[in-house]
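# Architecture and fold: a report
The primary structure of each chain is shown beneath.
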Amino acid sequence: MAIPFNKIYLTGNELRYLQRAIEDGRLSGKGVFTRKCEQFFETRYGFSKIFLTTSCTDALEMAAILTGISSEDEVIIPSYTCVSTANPFILRGARVVFADSSADSPNIDASKIEALITKKTKAIVIVHYAGIACDVGKIMEIVSRYGLILIEDAAHALDSYYQNRPLGSLGHLAAFSFHETKNITSGEGGMLVINDKKYLQRANIVYEKGTDRAAFLNGEIEKYRWRDIGSSFMPSELTSAFLYAQLEKMEEIQNKRKMCWELYYDELKPLEKKGLLKVPGFPSFASNNAHIFSLLCNNPEERSVLISYLKKNNILSAFHFQSLHKSPFFITKHDGRELPWSDFYSDCLLRLPLYAGLKSTAIQEITGLINNFYLT
Ligand SMILES: *Cc1c(COP(=O)(O)O)cnc(C)c1O
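Quantities reported herein were computed from a predicted structural model and do not represent experimental measurements.

A word on the sheet that holds strand 4 (residues 121-127). On the basis of which strands lie adjacent, the open sheet formed by seven strands has the order 1-9-8-5-4-2-3 and mixed pairing. Each of the sheet's edge strands pairs with one partner strand only, and the pair in question is strand 1 (49-53) and strand 3 (95-99). Sheet twist, expressed as the mean angle between neighbouring strand axes with direction ignored, is 20°. Relative to strand 8 (residues 173-177), strand 5 (residues 149-153) runs parallel, the two sharing three bridges. By the bridge assignment, Ile 151 is partnered in strand 8 with Leu 173.

Written as structure tokens, this is what we have:
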């Protein structure tokens with residue numbers, strides 16, 4: 001039987017909640033299920049305010065609007081990430097300055113950020129790759145010393161921590177994803193976390209297509225009007241109903257994923273000890289939310305051969321981001337700096353199947369093949 005790279009894990013209540021939402025007869029956003037999801041996050045992680053969005057891309061777009069980023073500004077972003085980390089700032093006309101990953105992880109190298117700051121730098125966007133926290137302490141120190149805005153692209157980082165502080169609570173703003181490939185999903189979906197209250201009032205307007213409809217719904221004003229730029233960021237109740245069914249079973253999903261992750265680790269760590277490949281490491285400040293299990297091959301050719309070998313055995317593995325500074329869209333805009341670590345992860349990182357329904361026998365089959373590959 002083939003082992004897919006990813007498979008949606010259903011908790012059992014998805015259809016029931018979708019049906020309930022349909023029977024309620026009110027499917028646009030801000031309904032009962034949307035509120036339940038918001039409360040879940042605010043209670044569990046102490047986020048002061050969240051907005052469910054139709055995607056993490058949208059949440060980042062909202063963040064780009066709220067921070068007032070314009071064509072006068074520069075934004076520092078890791079090159080090893082999803083296009084959605086950068087696109088929202090490009091759409092506001094900003095200049096994106098790509099930063100390298102660190103030698104120890106695909107996360108931004110905090111020690112190289114300061115050299116990229118100019119008078120025009122307004123914000124830094126960090127990505128907690130695989131849910132493993134960036135060196136937030138060092139980054140926050142730079143952010144406060146230069147008076148910058150910190151945005152967390154926490155697409156991978158739900159239910160993960162930096163020194164016991166939830167990821168997504170550390171930047172002024174943070175964005176999460178509930179895309180099908182993430183730990184908790186609604187197919188497409190996301191949320192924006194507002195940690196700095198000064199953005200809250202405007203967020204209510206931007207979220208409602210630039211109108212003060214939120215105040216109208218609260219009974220504060222008699223009619224709602226166009227106040228600012230904005231867009232349609234709100235998911236429907238169908239999305240929120242599905243999401244809530246997943247959130248209610250979050251412990252179950254996370255425990256299953258962690259068991260898969262740890263089994264991979266135990267079975268592949270001996271290959272690292274023999275110097276044949278690398279498995280992920282965790283700095284002392286970071287927790288593990290089992291979003292991705294990746295290994296590092298020694299070179300791109302080895303990775304290609306390993307992917308084919310696994311595929312021949314009906315196992316689908318995948319590489320991940322390709323350096324954005326070398327993308328067809330950006331290469332002519334990039335300032336020419338080499339970002340060797342970003343390129344290294346683009347070329348050598350391999351992700352193995354990981355989902356809550358993945359059986360340990362399947363993992364043993366995969367790790368058995370990888371052991372064969374490296375030891376024979
Ligand atoms: C998945 C992902 C996104 C985009 O999430 P969507 O919800 O699909 O918009 C953004 N950033 C990173 C790092 C991602 O992995």
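As a further point, take the site of the ligand. Looking at the ligand, there are 16 residues lining it, with Thr 57, Asp 153, His 156, Ser 177 and Lys 182 nearest. In this structure, an oxygen atom belonging to the ligand sits 2.4 Å away from a side-chain N or O atom of Thr 57. Side-chain polar atom of His 156 to an oxygen atom of the ligand: 2.7 Å apart, as the coordinates give it. Here the ligand loses 92% of its free accessible area of 380 Å² to cover by the protein chains. Elements with a contribution of two residues or more to the shell around the ligand: helix 3 (56-66) and helix 4 (83-91). A class-by-class count of the residues in the shell around the ligand yields five nonpolar, nine polar and two charged.

What follows deals with the packing of aromatic side chains. Under the defined criterion, the tally for this structure stands at 24 aromatic pairs. Centroid distance Phe 33 to Tyr 244: 6.4 Å. Interplanar angle 50°. Geometry classified as tilted. One end of the pair, Phe 33, is in helix 2 (residues 32-45); the other, Tyr 244, is in helix 8 (residues 237-248), with 211 residues separating them in the sequence. Phe 33 sits in the buried class, given a relative accessible area of 2%. The buried category is assigned to Tyr 244, whose relative accessible area is 15%. Cation over ring: Lys 49 sits above Phe 51, and NZ or CZ is 5.1 Å from the ring centre.

With 95 residues, the main nonpolar core has Phe 41, Leu 52, Ile 76, Phe 89, Ile 139, Leu 158 and Met 191 as its most contacted residues. Tallying contributions element by element places helix 3 first for this core, with eight residues. Excluding residues that lie within four positions of it along the chain, Ile 76 makes contacts with Val 97, Ala 99, Ile 108, Ile 113, Leu 116, Ile 117, Thr 121, Ala 123, Ile 124 and Val 125. Grouped together as the second largest cluster of nonpolar side chains are 28 residues, Leu 271, Leu 295, Leu 310 and Leu 354 included.

Judged by side-chain polarity, Phe 216, Leu 217, Ile 221 and Tyr 224 come together as a nonpolar surface patch covering roughly 330 Å² of accessible area. Within the secondary structure layout, Phe 216 lies in helix 7 (residues 213-217). Residue class for Phe 216 comes out partly exposed when judged on its relative accessible area of 31%.

Before going further, it helps to spend a moment on the environment of Ile 229. Among the structural elements, Ile 229 can be located in the loop between helix 7 and helix 8. You can call Ile 229 partly exposed: its relative accessible area is 39%. Taking the C-alpha atoms as reference, Ile 229 lies 45 Å from Val 279; in sequence the two are 50 residues apart. Excluding anything up to four places from it in sequence, Ile 229 contacts Ile 65, Arg 92, Arg 202, Val 206 and Gly 210.

If you walk through the whole model with that rule in mind, you get 16 salt bridges. Its salt-bridge partner being Lys 30, residue Glu 208 comes within 2.7 Å of it at the nearest N-O pair. Remark: Lys 30 occurs in the loop between helix 1 (14-24) and helix 2 and Glu 208 occurs in the loop between helix 6 (200-206) and helix 7; sequence separation between them is 178 residues. For Glu 208, a relative accessible area of 3% puts it in the buried group. With a shortest N-O distance of 3.0 Å, Arg 44 and Glu 251 are connected by a salt bridge. On the criterion of sequence distance, the pair formed by Arg 44 in helix 2 and Glu 251 in helix 9 (residues 250-273) is long-range, its members being 207 residues apart.

Basis of the calculations
Residues numbered from 1 in each chain as written. Predicted model: local features only at pLDDT ≥ 70, side-chain atom pairs only at ≥ 80, totals over all residues. Heavy atoms only, no water. Pairing = 2+ DSSP bridges. Helix = DSSP H or I, 4+ residues; strand = E, 2+ residues; numbered from the N terminus. Axes fitted to C-alpha atoms, helices over the stretch in contact; angles between N-to-C directions. Near = heavy atom within 4 Å. Polar contact = N/O pair within 3.5 Å; in protein donor to acceptor, adjacent residues only side chain to side chain. Areas by Shrake-Rupley, 256 points an atom, 1.4 Å probe, with all protein chains shown as cover. Nonpolar A, V, L, I, M, F, W, Y, C, P; charged D, E, K, R; others polar. Phe/Tyr/Trp six-rings, centres within 6.5 Å; stacked < 30°, edge-to-face > 60°. Buried < 20%, exposed > 50% of the residue type's maximum accessible area, 1.4 Å probe, protein only. Lys NZ or Arg CZ within 6 Å of the ring centre and 35° of its normal. Core = buried A, V, L, I, M, F, W, Y, C linked by side-chain atoms within 4.5 Å. Contact = heavy atoms within 4.5 Å. Patch = residues over 30% accessible without salt bridge, like charges linked within 9 Å, V, L, I, M, F, W, Y side chains within 5 Å. Salt bridge = Lys/Arg side-chain N within 4 Å of Asp/Glu carboxyl O.

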